[in-house]
Amino acid sequence: MIGYPVAGADDSVARGQRRWNFVWYRPVAPGAELAAMLTDADGVHHPDGIAPQQVSWRHIAAMRQAARDKLAPQFAEIAEKTAVPFLQPIYDLVSTDIAFGRVALLGDAAFVARPHVGMGVAKAGDDAMVLTRCIDELGATPAALRRYAQLRQPVCAGVVQRARRLGAYMEAQQRGAAVMRSADEVMRQTAIDPSLFEPEPPIETSKPQAARA
Ligand SMILES: Cc1cc2nc3c(=O)[nH]c(=O)nc-3n(C[C@H](O)[C@H](O)[C@H](O)COP(=O)(O)OP(=O)(O)OC[C@H]3O[C@@H](n4cnc5c(N)ncnc54)[C@H](O)[C@@H]3O)c2cc1C
């Protein structure tokens, strides 16, 4: 469970005006258990995602009970006071290619990492910046998109891989398979490998003649 302040009404970040966001990651078995959580009180199954207002009151009541049983009282109180808690299954996505002629995929459309790495926004922003750089260098051409794909594919695949590893690590702990570790030990086992974020190589200088489309 994590919680953090976010902007309030009118994007205000002034004290007293901010809202509080929380996320509780919970492992759910695929199949019947997940299907039940995505089924509303009328028995309609929403496999592609259930709207907040449609989450069954039974699941919300069970979530609040679990919060009382498992979490610090402050977090249990937040779960209690949140009028419309919602749930989202977490999937990750790896694209085998992200450039197709004059079309490129960016951000979540290209790769989705589990939230443990907290990189969804940064990854999408980096994609956009690298794509801009490639187009600046090579023009609005398929060659620029291909170069973009070469630069981003391994980085983004690495991010998804990292998130999978962290997810598996956390799940193992929740299942009680892991022994208690010191903070140093956890850092050693989970901290980011800086080589993932080495500066990208410069773009080739042989510029094709290209006009922006
Ligand atoms: C609950 C939640 C919490 C998250 N928390 C974090 C966090 O703390 N930190 C973090 O880094 N990331 C977080 N993420 C992930 C992050 O939001 C995404 O990774 C990021 O927004 C991806 O950016 P994007 O531009 O690729 O896609 P999006 O932000 O999804 O933008 C896609 C846009 O396209 C629009 N669109 C869709 N279809 C069409 C269409 N046919 N025509 C026109 N427009 C269309 C959509 O309305 C949307 O505005 C969170 C995600 C969720 C769901």
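All of these numbers come straight from a predicted model, not from anything done at the bench.

### Considering the nonpolar core
As a rule of thumb, nonpolar side chains are buried together in soluble globular proteins.
Stage number 1. One finds Ile 98, Phe 111, Ala 113, Val 117, Cys 134 and Tyr 148 to be the most contacted residues of the largest nonpolar core, which totals 22 residues.
Stage number 2. Residue assignment for this core shows that the elements contributing at least two residues are α5 (120-138) and α6 (142-174).
Stage number 3. Beyond its immediate stretch of four places on either side in the chain, Ala 113 contacts Asp 92, Val 159, Val 160 and Ala 163.
Stage number 4. Counting residues in hydrophobic clusters, the runner-up holds seven residues, among them Met 63, Ala 66, Leu 71 and Ala 79.

### Overview of the site of the ligand
Stage number 1. Taken together, Tyr 4, Gln 88, Gly 107, Asp 108, Gly 118, Met 119, Gly 120, Val 121 and Ala 124 are the residues near the ligand.
Stage number 2. At 2.8 Å, a side-chain N or O of Asp 108 approaches an oxygen atom of the ligand.
Stage number 3. When the ligand is considered free in solution it has 1000 Å² of accessible area, and contact with the protein chains removes 29% of it.
Stage number 4. Mapped onto the shell around the ligand, the elements with two or more residues apiece are α4 (107-110) and α5.
Stage number 5. Looking at the shell around the ligand, the element that brings in the most residues is α5, giving three residues.
Stage number 6. The residue inventory of the shell around the ligand, partitioned by class, reads four nonpolar, four polar and one charged.

### Observations concerning the packing of aromatic side chains
Stage number 1. Taken as a whole and assessed by the stated rule, the structure comprises zero aromatic pairs.
Stage number 2. The side chain of Arg 26 reaches across the aromatic face of Trp 24, ending 4.4 Å from its centre.

### Here we look at the side chain of Ser 95
Stage number 1. On the secondary structure map, Ser 95 appears in the loop between β3 (93-94) and β4 (99-100).
Stage number 2. Judged by its relative accessible area of 11%, Ser 95 falls in the buried class.
Stage number 3. Excluding its chain neighbours within four sequence positions, the residues that come into contact with Ser 95 are Leu 105, Ala 109, Ala 110, Phe 111 and Gln 153.

Basis of the calculations
- Residues numbered from 1 in each chain as written.
- Predicted model: local features only at pLDDT ≥ 70, side-chain atom pairs only at ≥ 80, totals over all residues.
- Heavy atoms only, no water.
- Core = buried A, V, L, I, M, F, W, Y, C linked by side-chain atoms within 4.5 Å.
- Buried < 20%, exposed > 50% of the residue type's maximum accessible area, 1.4 Å probe, protein only.
- Helix = DSSP H or I, 4+ residues; strand = E, 2+ residues; numbered from the N terminus.
- Contact = heavy atoms within 4.5 Å.
- Near = heavy atom within 4 Å.
- Polar contact = N/O pair within 3.5 Å; in protein donor to acceptor, adjacent residues only side chain to side chain.
- Areas by Shrake-Rupley, 256 points an atom, 1.4 Å probe, with all protein chains shown as cover.
- Nonpolar A, V, L, I, M, F, W, Y, C, P; charged D, E, K, R; others polar.
- Phe/Tyr/Trp six-rings, centres within 6.5 Å; stacked < 30°, edge-to-face > 60°.
- Lys NZ or Arg CZ within 6 Å of the ring centre and 35° of its normal.

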